[in-house]
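Reading the structure
These are the residues of each chain, in order.
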Amino acid sequence: MSAVTRLATTWTWLYTSPLSQMTRDRRRAEIRNDLAEQSRDGRIDARRVLLGVPADLGWMAGRVVSDRVAVRLVCAFMLASTVGAIWVNHNHRGSSSPDAHVWTFAIALPVLLALAPFRRRRHVERIVSAVAYAAFVMPPLVGAWPLITHPDVAALPWLSVAALAGVVVGGRLPGSLWPGTR
Amino acid sequence: MRRKPGSLLPVETALLGVLIGLPHREGIHGYGIAQALQDRDGARRLTAHGTLYKALDRLEVGHLVESRWEDPDAATAGRRPRRRLYRITGDGQRAYDRARLETAPGALGRTVEA
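Residues numbered from 1 in each chain as written. Chains lettered and ligands numbered in written order. Predicted model: local features only at pLDDT ≥ 70, side-chain atom pairs only at ≥ 80, totals over all residues. Heavy atoms only, no water.

Each helix and strand counted, chain B has 6 helices and 2 strands in total. Tracing chain B from N to C terminus, the helices and strands come up as α-α-α-β-α-β-α-α. Sequence separation of at least 24 residues holds for 50% of the intrachain contacts in chain B that already meet a minimum separation of 6. Accessible surface, chain B: about 6,900 Å² in total, of which carbon and sulfur atoms supply 51%. (Helix = DSSP H or I, 4+ residues; strand = E, 2+ residues; numbered from the N terminus. Contact = heavy atoms within 4.5 Å. Areas by Shrake-Rupley, 256 points an atom, 1.4 Å probe, with all protein chains shown as cover.)

Here it is in C-alpha cells:
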C-alpha cells in the first residue's frame, strides 16, 4: 500500500468516525474502491485527497448535524408527549371529561411534531413516535387505560417504555436515523 | 451562504452532464465519473475525493442520481473492491436541462421569446 493510499484511508477513517455505521461503511468502501481503481491506473495523487479535505469536513459536519437533529426531534416528541400527558392527566383528574383547551394541547403537540422538518425518507421515527403516542399517551389521556391509578405519574413509566420501544424498534427498521444503526 | 432550493452548484451540473453523456446503463463508479469529468473538461487533475463524493451524495439526496453496489461476483472477478454505481434519474435529467438553460448565454432572451 502506497503512502498516499494510506493517507487517504486514514483520513477517510478519521472523518467518517463520528457518523452512523451505514454512512461510515459506505463512504469508506467507496474510497477504498476509488483508490484501488486509481492505483491500477497508476494515477495516485495526494492532492486529490488534500484538496478534498474541506469538502470532506463540510459533508461530515452536515451528516452529523442532520443525524442529531432527527434524533433530537424524536426525543423532543417523547419529552413533550410525557409533559403533555402528565399535564393533561393532572387537569383531567376529578372531572368527567377534559376541557377543550386540554384537548387542544394534547392534539396540537403530536400534530406540530409530526410536521417537524424531517428530511425526506426520514419517516420511520415519525411513524414510531406516532404509534407510541397512540399506544401509550392517548389511553391515559382519555382515561381508558385500566392500569392507571394515579394520573399524575401514570404516563411517565408508559412513556419510558414507549421511548425504549421507539429506540429498539425504530433502530431496526430500514431508513432509521438512530445512531449506530443506519 | 444558503443555496437556493433546487439550484445546482457548478460541480453538480458538471457531474449530471457526465452521467447523461455516459452510455453505461448499469451506472458508473466514482472514479470513472472523475475520469470522464477530467476528459470532458480537459482538467489537469481528477476531481478531489471530497468534492466528488460530497456532490454525488447531495445529488442522491435530491433524487437526481441513484446508486447501488455492483454484484459482488463482478468485484471478485475483477479482483478489486466493490464499486458503487451511479446513474442519473429522470429528475436529474430535467434538473440538468434547467440548469443549462439558466446558465446559457442569452437564456433570458430565449425564455422571453418562447
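Residue and element names in this part refer to chain B. As for its position among the elements, arginine 94 is in helix H5 (residues 90-103). When its relative accessible area of 49% is taken as the criterion, arginine 94 is described as partly exposed. Between the C-alpha atoms of arginine 94 and leucine 64, which are 30 residues apart in sequence, the distance is 8.8 Å. A polar atom in the side chain of arginine 94 sits 2.8 Å from the side chain of aspartate 91. (Buried < 20%, exposed > 50% of the residue type's maximum accessible area, 1.4 Å probe, protein only. Polar contact = N/O pair within 3.5 Å; in protein donor to acceptor, adjacent residues only side chain to side chain.)

This brings us to helix H3 (residues 49-61) of chain B. Residues and elements named next belong to chain B. With 13 residues, H3 ought to run about 18 Å at 1.5 Å a step, and its terminal C-alpha atoms sit 18 Å apart, in line with that. Among all positions of H3, only His49, Gly50, Leu52, Tyr53, Ala55, Leu56, Asp57, Leu59 and Glu60 are buried. Looking one or two residues past H3, histidine 63 carries a phi angle of roughly 65 degrees, positive in sign. (Expected span 1.5 Å × (residues − 1).)

Quick look at the nonpolar core now. Ranked by size, the top nonpolar core spans 33 residues in total, and within it B:Leu15, B:Leu16, B:Leu19, B:Ile33, B:Leu52, B:Leu56 and B:Tyr86 carry the most contacts. Of all the elements in the fold, those that place two or more residues in this core are helix H1 (3-16), helix H2 (21-40) and helix H4 (53-92) of chain A together with helix H1 (10-21), helix H2 (30-41), H3, strand S2 (84-88) and H5 of chain B. Not counting chain neighbours up to four residues away, the residues in contact with B:Leu56 comprise B:Leu15, B:Ile33, B:Val65 and B:Tyr86. (Core = buried A, V, L, I, M, F, W, Y, C linked by side-chain atoms within 4.5 Å.)

Residue and element names in this part refer to chain B. Positive phi, normally seen in glycine, also occurs at histidine 63, with a value near 65 degrees. Examined against the element boundaries, histidine 63 turns out to sit in the loop between H3 and strand S1 (65-69). Overall, histidine 63 belongs to the buried group, its relative accessible area being 19%.

Time to look at the pattern of salt bridges. According to the stated counting rule, one finds 12 salt bridges over all chains in the structure shown. Here B:Glu60 ties to A:Arg26 by a salt bridge, and the two come within 2.6 Å at their closest N and O atoms. One end of the pair, B:Glu60, is in helix H3; the other, A:Arg26, is in helix H2, on a second chain. Across the pair B:Asp91 and B:Arg94 runs a salt bridge whose closest N-O atoms are separated by 2.8 Å. Of this pair, B:Asp91 and B:Arg94 both sit in helix H5, 3 residues apart, roughly one helical turn. Each of the salt bridges in this network shares a partner with another, and the network as a whole consists of A:Arg26, A:Glu30 and B:Glu60. (Salt bridge = Lys/Arg side-chain N within 4 Å of Asp/Glu carboxyl O.)

We now examine the packing of aromatic side chains. Residue and element names in this part refer to chain A. Scanning all chains against the criterion turns up 2 aromatic pairs over all chains. When the ring of tryptophan 11 is compared with that of tyrosine 15, the centres are 5.2 Å apart and the planes differ by 45 degrees; the resulting orientation is tilted. Here tyrosine 15 and tryptophan 11 lie together in helix H1, a separation of 4 residues that amounts to about one turn. Residues tryptophan 11 and tyrosine 15 agree in their burial class; the two are buried. (Phe/Tyr/Trp six-rings, centres within 6.5 Å; stacked < 30°, edge-to-face > 60°.)

Moving on, we come to the side chain of B:Thr89. Here B:Thr89 shows up in the loop between S2 and H5. The residues contacting B:Thr89, other than those within four sequence positions of it, are B:His63, B:Leu64, B:Val65 and B:Glu66.

Facing 30 residues of chain B, the contacting portion of chain A comprises 29 residues. Interface of chain B and chain A: buried area, both sides summed, is about 2,600 Å²; carbon and sulfur atoms make up 51% of it. Three residues stand out in chain B for area buried against chain A, namely B:Tyr31, B:His49 and B:Tyr53, and they jointly supply 28% of the buried area on that side. Where chain B packs against chain A, one counts 3 salt bridges. A salt bridge links A:Glu37 to B:Arg83; its shortest N-O distance comes to 2.5 Å. (Buried area = accessible area lost by both parts, 1.4 Å probe.)

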